[in-house]
Amino acid sequence: MNRTTTLNARSPLPLPLNQIAFSVIDLRRTEAWWCDGLGFLPAGGSRLMMRGPLSATIVDLPGAAMTCWCLVGRNDWCQLELFQYERPMARLMPADRQPNDIGYSRMGVWVADFDLTLARLAALGTQPLTAPLGAAGARRVCVRNPDGVYVELLEQDPLPEENLRGRQDCPVAIRYVSMTTPDLAASSAFVGNGLGVPEHDLQLHDDAHEALWGLGDAGARRRVFGGPTLLLEIVEYGRAPGRPREACYRINDQGILNICFGDPRNRHGVNAMHQRALAAGAKANCRPIHMPLAGCVYVNDPLGFSYEFMWARPGRGHRDFGFLPLPRERRPLADNQACAASIEIASAPERVFALLSDHQALGRWAGLGQYRLVKPGAGEVNGYGAERVLNSLFGAIHEQITEFSPNRGYRYRVLQGSLVYCHQGEVRLTPCPGGPRVDWQIRFRTRIPGLGMPLRYLLKHKLNAALVGLRRQLTN
């Protein structure tokens, strides 16, 4: 066990920063990016516990239901927590989201092999925002993950002494999370004086690094708190102040939703930190919830930033709540049904994609029903954020485009009006000698027990017929 377990059993303050939580659109897609691209290890997960009144009370979202998967890196007692919400469904991150916009804005990881990591990310379709900064051995670069989160890759570990601890077979470590605040003094006072988190003398960034995520000379002021393995960087932008959160903001909006300070032994640290937070002006969603193996509470500071305080009992508690590696097959699934179809089409990829992504025209060749575009996308009418409605035999089905890559493919999800939920769809073009191959895949969970298998076969037949219709439309 790591050094945090030596904290005093009755007065373990300050608790270490030990978790970054995300609201994601497609759990499988996001987890594959972190694991296959960066080398994180799958850990625990939960579905049954993430629904019902207790879960909704903790996050202060009435009727909330979600599936949670956890990932771990080299750090002990530290995790990434991924939530895919079924209700309320996460709002998409704005297409023009910038790291100087108010909120948890960015995070950084150390990677053991910088070039190999970039190659793996490239194979997944992720390219750096700029060329790397720094000399060999100390390079850094920024990418955006499938949910639009800015992730900095560090070749030189900012906490080198921590690199010798933890899971030595894991090639990645979580090193910092950044908070963009409208008031550096107020946020620093809450974290430092209110929660008792020590300030760190490490300077993670200077003004030159802002170019990595496209901000240039933004007049930023920064302070760093936390440790021993994970740091919180609080940033206020002077010459380029970011936009405030929208009035309709919810904690489960896509992106980083909160950070957590954790006691690796028992509830005492959580109770103490909760009381300190309230004394510093925070408002709690509820009283701390304690179970036999773990417990937690969410609070919101005076500026509206969400923090979690949690604990888990060593052994089974650490395993069940995602702080120890666990095989993927041991975790619950958000979607448990899938079907796919593919076809090769002797036509230019541009023509194929233009027809595939014309939501108004889908009904003319797909045979699935009548489609209509009800909301244009950001930038491109049929692109990211666009919404379409399918009038089918099962009623009106409302779909939203969640990822859009011209001439390569797009992803979408069902928002409402279907016999299924956790419905994710992907249409992808792959170059072939005689013309592109089109792959159409959907994943889902049925609302009615026993309906999965027959519905899967029906939808597979529909997808095959739709692709035949697409080829006929393009080659006749």
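Presented here is an overview of the structure given in this document. (Residues numbered from 1 in each chain as written. Predicted model: local features only at pLDDT ≥ 70, side-chain atom pairs only at ≥ 80, totals over all residues. Heavy atoms only, no water.)

## Let's talk about the overall build of the protein
Part 1 of the argument: If you tally the helices and strands in the protein, you get nine helices and 23 strands.
Part 2 of the argument: The globule rule puts the C-alpha radius of gyration for 476 residues at 23 Å, and the 23 Å found for the protein is close to it.
Part 3 of the argument: Projected onto the principal axes, the alpha-carbon positions of the protein cover approximately 75 × 50 × 45 Å.
Part 4 of the argument: By residue count, 56% of the 476 residues in the protein fall in the buried class.
Part 5 of the argument: Taking contacts inside the protein between residues at least 6 apart in sequence as the whole, the part at least 24 apart equals 66%.
Part 6 of the argument: With an accessible surface of roughly 19400 Å², the protein has 54% of that area assigned to carbon and sulfur atoms.
Part 7 of the argument: Computing the positive centroid from 54 side-chain charges and the negative centroid from 44, the protein places the two 8 Å apart. (Helix = DSSP H or I, 4+ residues; strand = E, 2+ residues; numbered from the N terminus. Rg over C-alpha atoms; globule rule 2.2 N^0.38 Å. Buried < 20%, exposed > 50% of the residue type's maximum accessible area, 1.4 Å probe, protein only. Contact = heavy atoms within 4.5 Å. Areas by Shrake-Rupley, 256 points an atom, 1.4 Å probe, with all protein chains shown as cover. Lys, Arg positive; Asp, Glu negative; His and termini not counted. Charge placed at Lys NZ, Arg CZ, Asp CG, Glu CD.)

## Quick look at unusual backbone geometry
Part 1 of the argument: The amide bond that connects arginine 87 to the next residue, proline 88, takes the cis arrangement and shows omega of -15°.
Part 2 of the argument: With respect to the helices and strands, proline 88 occurs in the loop between β4 (79-87) and β5 (103-111).
Part 3 of the argument: Residue proline 228 is bonded to the preceding glycine 227 through a cis peptide linkage, with omega at 5°.
Part 4 of the argument: Within the secondary structure, proline 228 is located in the loop between β10 (220-226) and β11 (231-237).
Part 5 of the argument: The phi dihedral of aspartate 60 is positive, around 60°, even though this residue is not glycine.
Part 6 of the argument: By the element assignment, aspartate 60 lies in the loop between α2 (53-59) and β3 (65-72).
Part 7 of the argument: Even without being glycine, asparagine 407 reaches a positive phi, approximately 65°.
Part 8 of the argument: Among the secondary structure elements, asparagine 407 is positioned in the loop between β20 (395-405) and β21 (409-416).
Part 9 of the argument: Residue class for asparagine 407 comes out partly exposed when judged on its relative accessible area of 34%.

## Thoughts on helix α3 (residues 114-123)
Part 1 of the argument: For α3, the full list of buried residues reads Phe114, Thr117, Leu118 and Leu121. The buried residues of α3 occupy one face: seen down the axis, they fall within an arc of 100°.
Part 2 of the argument: Count one or two residues on from α3 and you reach glycine 125, which has phi positive near 90°. (Arc of directions from axis to C-beta.)

## Observations concerning the pattern of salt bridges
Part 1 of the argument: What the rule picks out here adds up to 31 salt bridges.
Part 2 of the argument: Note that arginine 47 and glutamate 86 form a salt bridge whose closest N and O atoms lie 3.7 Å from each other. With a gap of 39 residues between them, arginine 47 in the loop between β2 (41-46) and α2 and glutamate 86 in strand β4 connect regions that are remote in the sequence. Accessibility classification places arginine 47 together with glutamate 86 in one group, the buried group.
Part 3 of the argument: Salt bridges linked by common partners bring Arg29, Glu403, Arg411, Glu426 and Arg428 together as one network. (Salt bridge = Lys/Arg side-chain N within 4 Å of Asp/Glu carboxyl O.)

## Observations regarding the sheet that holds strand β22 (residues 420-430)
Strand pairing in a sheet is mediated by backbone hydrogen bonds. Such pairs are either parallel or antiparallel.
Part 1 of the argument: Spatial ordering of the open sheet is given by β17-β23-β22-β21-β20-β19-β18, a layout of seven strands whose pairing is antiparallel. What marks the edges here is a single partner per strand, and that holds for β17 (337-344) and β18 (370-375). Averaged over all pairs of adjacent strands, the angle between their axes in this sheet comes to 20°, without regard to strand direction.
Part 2 of the argument: Relative to β21, β20 runs antiparallel, the two sharing seven bridges. Bridging from a neighbouring strand, glutamate 399 pairs with valine 414 of β21.
Part 3 of the argument: Packing against the sheet, helix α7 (residues 349-356) makes contact with β20, β21, β22 and β23 (437-446), and its axis sits at approximately 160° to β22. (Pairing = 2+ DSSP bridges. Axes fitted to C-alpha atoms, helices over the stretch in contact; angles between N-to-C directions.)

## Thoughts on the packing of helix α1 (residues 27-38) against α3
Part 1 of the argument: At a minimum axis distance of 8 Å, the contact between α1 and α3 shows a crossing angle of 140°. The orientation of α1 relative to α3 falls into the category oblique. Contacts from Trp33, Asp36, Gly37 and Leu38 of α1 reach α3 at Thr117, Arg120 and Leu121. (Parallel < 35°, antiparallel > 145°, perpendicular 65-115°, else oblique.)

## Quick notes on the side chain of serine 418
Part 1 of the argument: Counting through the fold element by element, serine 418 comes out in the loop between β21 and β22.
Part 2 of the argument: There is a polar contact of 3.1 Å between the side chain of serine 418 and the backbone nitrogen of valine 420.
Part 3 of the argument: With residues near it in sequence (within four places) discarded, serine 418 still touches Ile397 and Arg447. (Polar contact = N/O pair within 3.5 Å; in protein donor to acceptor, adjacent residues only side chain to side chain.)

## Details of the pairing of strand β6 (residues 140-144)
Part 1 of the argument: Burial of β6 is extensive: four of the five residues sit out of reach of the surface.
Part 2 of the argument: Connecting β6 to the antiparallel partner strand β7 (residues 150-154) that follows it, the hairpin turn spans five residues, and glycine 148 within it adopts a positive phi of roughly 80°.

## Digging into the packing of α7 against helix α9 (residues 452-475)
Each pair of packed helices can be summarised by the angle the axes make with each other and by the distance between the axes.
Part 1 of the argument: α9 packs onto α7 with a crossing angle of 125° between their chain directions and a minimal axis gap of 11 Å. Relative to α9, the element α7 is oriented oblique. Handedness of the crossing formed by α7 with α9: right-handed. In this structure, α7 uses Arg351, Val352, Leu355 and Leu356 to contact α9, whose residues at the interface are Leu470, Gln473 and Leu474.
Part 2 of the argument: Taken together, the residues of the contact of α7 with α9 sort by class into five nonpolar, one polar and one charged. (Left-handed = near helix turned anticlockwise from the far one by under 90°. Nonpolar A, V, L, I, M, F, W, Y, C, P; charged D, E, K, R; others polar.)

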